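Per-entry structural report
Listed below, chain by chain, are the residues.
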Amino acid sequence: MISVEDWAEIRRLHRAEQMPIKAIARRLRISRNAVRRALVKDSPPRYERAAKGSCVDAVEPAIIELLRSCPTMPATVIAQRIGWQRSLTVLKDRVRELRPLFLPPDPATRTAYVAGDRVQCDLWFPPVDIPLGFGQVGRPPVLVMAAGHSRMLFAVMIASRTAPDLIAGHWLLLSEHLGAVPRQLVWDNESAVGSWRAGTPRLAEEFEAFRGILGCAVHQCRPRDPEAKGIVERANQYLETSFLPGRTFTSPRDFNAQLQAWLPVANTRIVRRIGCAPTARWDADRGAMLPLPPVAPVLGWRHQLRLGRDHYVRVAGNDYSVDPVAVGRTVQVFAGLDTVIVTLAGRPVATHERCWAKHQSITDPAHHAAALALAHTAGHRPPQPGDQDVQQVEERDLSVYDTAFGITDGQVA
């Protein structure tokens, strides 16, 4: 068998040089029949070894019967059933070839993202300690949103993964960064969003109300199916490998400031899947989304209570002081991602920067001074008529009891 180089040279000499077969054979020192075969053959010569039988051929009928009865039977179990004593690798290769004959095809379809249709969401926990104040450090979650059509990336660090903070983070990104509402949000089984129960996805009550205000749908991925939101999963990895390295942070506020300064640069990168930068598709993507609702949703932590003498309210594990003039009255507590506000009949009686540390008491010096002044006034208040009507208790002579028990001069009568 001649080589590919000889085959190519024979064809060149015959076609370009018009050299006869005998002269070609003499120059290349090969037989004339080899030259004739090379000129007839239109494809390069290829060495092919005759296929030899495999040691698995003898047990293939038994493998087929086992797979017919149970298509998902592991190769190790098949080896045990047929008494296989040789290499397990060759058996696994044959089982891998035969198994698809007995299983229905399960192809993975490529998802096509229409402009304005889907935005994938996820929580990313950056592997870096963030100072939270009061000597504490933590790793608060980062809400990440990635648009399916344009691949635009949006993110913000939030205080916790609870529903009030998660919904507040959604609204912050939608209202201030996207400027629109996608027709569908894609989430996994985050407890504050929803979960699968008895094979059916169910949204949490608070998130159901939130998506009703937005007027959009929420797609809940099946459990253990990360490929269903692969865009945002890759975005999390991109944040970890491109944003974090070489950075230090002094607080969650500093983390968000650096993140918001970096995201516009990140969104100008060329994404291989779409062949352009996300910013090139963003106008069309946002233009196909829904407008923001005319009325903003109720956000953050909200509750009301009767303020006790302690004049502190608790939000997410921390206590915040309130003007003591509200003691004994019903106050309303509002807490967002950044501030905690307490109102009395619509009038603010406390405004604090929200603390992301845990188990802390946040005191406004003005509230403390007012409490001391009111306590001093109450302690030195002059007695009012009727406030201290003390009844006089009669003091009885003890001899009366001796007489009652019949005791006279120490003797019992």
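Every value quoted in this text rests on a predicted model; they were computed, and no experiment measured them. (Residues numbered from 1 in each chain as written. Predicted model: local features only at pLDDT ≥ 70, side-chain atom pairs only at ≥ 80, totals over all residues. Heavy atoms only, no water.)

Remarks on the layout of surface pockets
By volume, the second largest pocket amounts to about 560 Å³. Breaking the lining of the second largest pocket down by element, the ones donating at least two residues are β5 (153–157), α7 (163–178) and α10 (252–266). By residue class, the composition of the lining of the second largest pocket is 12 nonpolar, five polar and five charged. (1 Å grid on protein atoms, 1.4 Å probe; cavity = no way out; pocket = protein on both sides within 12 Å on 5 of 7 lines; lining within 4 Å. Points joined across faces, edges and corners; volume = space filled by probe spheres on them. Helix = DSSP H or I, 4+ residues; strand = E, 2+ residues; numbered from the N terminus. Nonpolar A, V, L, I, M, F, W, Y, C, P; charged D, E, K, R; others polar.)

Side note on empty space enclosed by the protein
Throughout the structure, instances matching the rule amount to one cavity of 30 Å³ or more. In this model, the largest cavity occupies a volume close to 50 Å³. Looking at the largest cavity, the residues that line it are Ala159, Ser160, Ala316, Asn318, Arg354, Cys355, Trp356, Ala357 and Lys358.

A short note on a positive patch on the surface
On the surface, a cluster of positive charge is contributed by Lys22, Arg26, Arg32 and Arg36. Among the secondary structure elements, those contributing two or more residues to the positive patch are α2 (21–28) and α3 (32–40). Looking at the secondary structure, you find Arg36 in helix α3. (Patch = residues over 30% accessible without salt bridge, like charges linked within 9 Å, V, L, I, M, F, W, Y side chains within 5 Å. Areas by Shrake-Rupley, 256 points an atom, 1.4 Å probe, with all protein chains shown as cover. Salt bridge = Lys/Arg side-chain N within 4 Å of Asp/Glu carboxyl O. Lys, Arg positive; Asp, Glu negative; His and termini not counted. Charge placed at Lys NZ, Arg CZ, Asp CG, Glu CD.)

With respect to the packing of helix α1 (residues 4–15) against α2
It is at 10 Å that the axes of α1 and α2 come closest, and there the two elements cross at 140°. Comparing their axes, α2 and α1 come out oblique. The handedness of the crossing between α1 and α2 is right-handed. On the side of α1, the interface is formed by Asp6, Glu9, Ile10, Leu13 and His14, while α2 contributes Ile24, Arg27 and Leu28. A class-by-class count of the residues in the contact of α1 with α2 yields four nonpolar, one polar and three charged. (Axes fitted to C-alpha atoms, helices over the stretch in contact; angles between N-to-C directions. Parallel < 35°, antiparallel > 145°, perpendicular 65-115°, else oblique. Left-handed = near helix turned anticlockwise from the far one by under 90°. Contact = heavy atoms within 4.5 Å.)

Remarks on the nonpolar core
Soluble globular proteins tend to bury their nonpolar side chains together. Within the largest apolar cluster, 42 residues are counted, with the highest numbers of intra-cluster contacts made by Val144, Phe255 and Leu259. Those residues within four positions of Leu259 in sequence are excluded, and the remaining contacts are Val142, Ala155, Val156, Leu239 and Phe243. Ranked by size, the runner-up nonpolar core spans 33 residues in total, among them Met145, Ile158, Leu178 and Leu214. (Core = buried A, V, L, I, M, F, W, Y, C linked by side-chain atoms within 4.5 Å. Buried < 20%, exposed > 50% of the residue type's maximum accessible area, 1.4 Å probe, protein only.)

Describing the pattern of salt bridges
For the structure shown, the criterion picks out 17 salt bridges. When the shortest N-O distance is used, the salt bridge between Asp93 and Arg96 registers 2.9 Å. Separated by three residues within a single helix, Asp93 and Arg96 lie in helix α6 (residues 88–98), roughly one turn from each other. According to the relative accessible area criterion, Asp93 is partly exposed, its value standing at 34%. Residue class for Arg96 comes out exposed when judged on its relative accessible area of 54%. Residue Arg253 pairs with Glu353 through a salt bridge whose shortest N-O separation is 3.1 Å. Of this pair, Arg253 sits in helix α10 while Glu353 sits in strand β15 (residues 347–353); the two residues are 100 residues apart in sequence, bridging distant segments of the chain. Here the residues in one salt-bridge network are Asp57, Glu60, Arg94 and Glu97, joined through shared partners.

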